[in-house]
Amino acid sequence: MDPVVIPILVAAIVVIFLVAATVRIVPQARRYNIERFGRYRRTLQPGLNLVLPVADRVNSKLDVREQVYSSEPKPVITEDNLVVNIDTVLYYQITDPRSAAYEVADYLHAIDQLTVTTLRNVIGSMDLEGTLTSREEINARLRAVLDDATGKWGIRVNRVEIKAIDPPHTIKEAMEKQMRAERDKRAAILHAEGERQAKILTAEGTKQKDILEAQGTQQAMILRADGEAKAVEHVFQAVHRNNADPKVLAYKYLETLPHLASSDNNTFWVIPGELTEAVRTVTSAFGDQSTAGTPPSTRPEDAAATDAASDETRIPELSAGAAPPLDAARATDEAEKEAAAAVSDAKAEAEAAKSPQVPRRGQTSGG
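In this text, all values refer to a predicted model and were calculated from it rather than measured experimentally.

### Remarks on helix 5 (residues 135–150)
- Over its 16 residues, helix 5 runs 22 Å from end to end, which matches the ideal 22 Å to within 8%, given 1.5 Å per residue.
- Listing the buried residues of helix 5 in full gives Ile138, Asn139, Leu142, Leu146 and Thr150. Buried residues along helix 5 cover an arc of 95° about the axis, so they all sit on one side. The outward face of helix 5, more than 90 degrees from its buried face, is lined by the exposed residues Glu136 and Asp148.
- The inward-facing, buried residues of helix 5 contact strand 8 (83–94), helix 3 (107–123), helix 4 (128–133) and strand 9 (155–166).

### Overview of the nonpolar core
- Ile86, Leu90, Ile138 and Ile155 are the most contacted members of the largest nonpolar core, which has 27 residues in total.
- Sorting the residues of this core by element identifies strand 8, helix 3, helix 5 and strand 9 as the ones contributing at least two each.
- Looking at this core element by element, the count peaks at 6 residues for helix 3.
- Once residues within four sequence positions are removed from consideration, Ile138 is found in contact with Leu119, Val122, Ile123, Met126, Thr131 and Ile162.

### Some remarks on a positive patch on the surface
- Taken together, the side chains of Lys177, Arg180, Arg183 and Arg186 define a basic patch exposed on the protein surface.
- With respect to the helices and strands, the residue Arg183 is situated in helix 6 (residues 169–242).

### Structural notes on a nonpolar patch on the surface
- Side chains of Ile6, Val10, Val14, Phe17 and Leu18 sit close together on the surface and give an oily, nonpolar patch of about 440 Å² of accessible area.
- Here Ile6 shows up in helix 1 (residues 5–22).

### Quick notes on unusual backbone geometry
- The phi dihedral of Ala29 is positive, around 65°, even though this residue is not glycine.
- For Ala29, a relative accessible area of 14% gives the class buried.
- The phi dihedral of Phe37 falls on the positive side, at around 55°, and the residue is not glycine.
- Relative to the helices and strands, Phe37 is located in the loop between strand 2 (30–36) and strand 3 (39–44).

### So, the environment of Thr22
- Topologically, Thr22 is positioned in helix 1.
- Look past the residues within four positions of Thr22 in its chain and what remains in contact with it is Asn49, Leu50, Val51 and Pro53.
- Here the side chain of Thr22 touches Leu18 through a polar contact of 2.5 Å, landing on its backbone oxygen.

The rules behind each value
- Residues numbered from 1 in each chain as written.
- Predicted model: local features only at pLDDT ≥ 70, side-chain atom pairs only at ≥ 80, totals over all residues.
- Heavy atoms only, no water.
- Helix = DSSP H or I, 4+ residues; strand = E, 2+ residues; numbered from the N terminus.
- Expected span 1.5 Å × (residues − 1).
- Buried < 20%, exposed > 50% of the residue type's maximum accessible area, 1.4 Å probe, protein only.
- Arc of directions from axis to C-beta.
- Contact = heavy atoms within 4.5 Å.
- Core = buried A, V, L, I, M, F, W, Y, C linked by side-chain atoms within 4.5 Å.
- Patch = residues over 30% accessible without salt bridge, like charges linked within 9 Å, V, L, I, M, F, W, Y side chains within 5 Å.
- Areas by Shrake-Rupley, 256 points an atom, 1.4 Å probe, with all protein chains shown as cover.
- Salt bridge = Lys/Arg side-chain N within 4 Å of Asp/Glu carboxyl O.
- Lys, Arg positive; Asp, Glu negative; His and termini not counted.
- Charge placed at Lys NZ, Arg CZ, Asp CG, Glu CD.
- Polar contact = N/O pair within 3.5 Å; in protein donor to acceptor, adjacent residues only side chain to side chain.

Laid out in structure tokens, this is it:
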């Protein structure tokens, strides 16, 4: 090999080495801390940078983007002496690479320990229920303390979140029982309220039903009474208009007597006091018919003599209180018997309607 070529190659290698040692390319969102002879010199920004070879060296390479750090569960004692495990999530960002590299040896470990101590101070002043329901307050107090402490380290804490709060297993069971009891209580209250509303609505419906039924019954009774009154009025007007004979009225009166006991609910029967008057009317009617059956006298003298004799005989009967004629007495007896038979038939029909096994009086006598 030519002796001249060897020095040239050595010189080229030295130049390449010097160029490589002089040029530093820093990526975006990165910061390089440069030391010259062991002392901090400057921080390289992203892009192409030149340094002195051999004299300058890169001490630390830092990422200035926002980063997330999740710590392990830490035991913390609450105010009511319960141990809970709390996981935290930390969002931080390096704002000063020089302070982050030279003010603290391990900023992640320092932040973790500071978070634990701050949590113990904050949670120690709260009970378990307050710890579970005051996450926003805990996060705000943690962020304020961490941001104040890490400011001199060149780190800004953007957010601190509590990821999980794990109470002991026995406390979890007690809380589940409490929640179950609360749900059962609410369910019982809702069920009772529903039953109460249902009963109120049912009572109101029954009340409205009774009112409507009573109003309907009242209207029906009024209409029925009006109809009966009009019917009686028409009958009364017809009787007076036609000038009905007392004999016909007495006969209809006796004809109505069997209907007094036609109802199934009657247990006793009341015979009106006018029955005697009706019987007397019928008796007088039959008596008049028997008297009318005698042939009238053809001569005026005989008729006058007969009228005089009848007047004479009638006057002593009324004055002396003698017995009625034979035909009138027989007619009275027959009318009384018919009335008694009608009442007996009505009673027998009522008893037969109540107990169908008992034969009726008409059937027994007919057999």
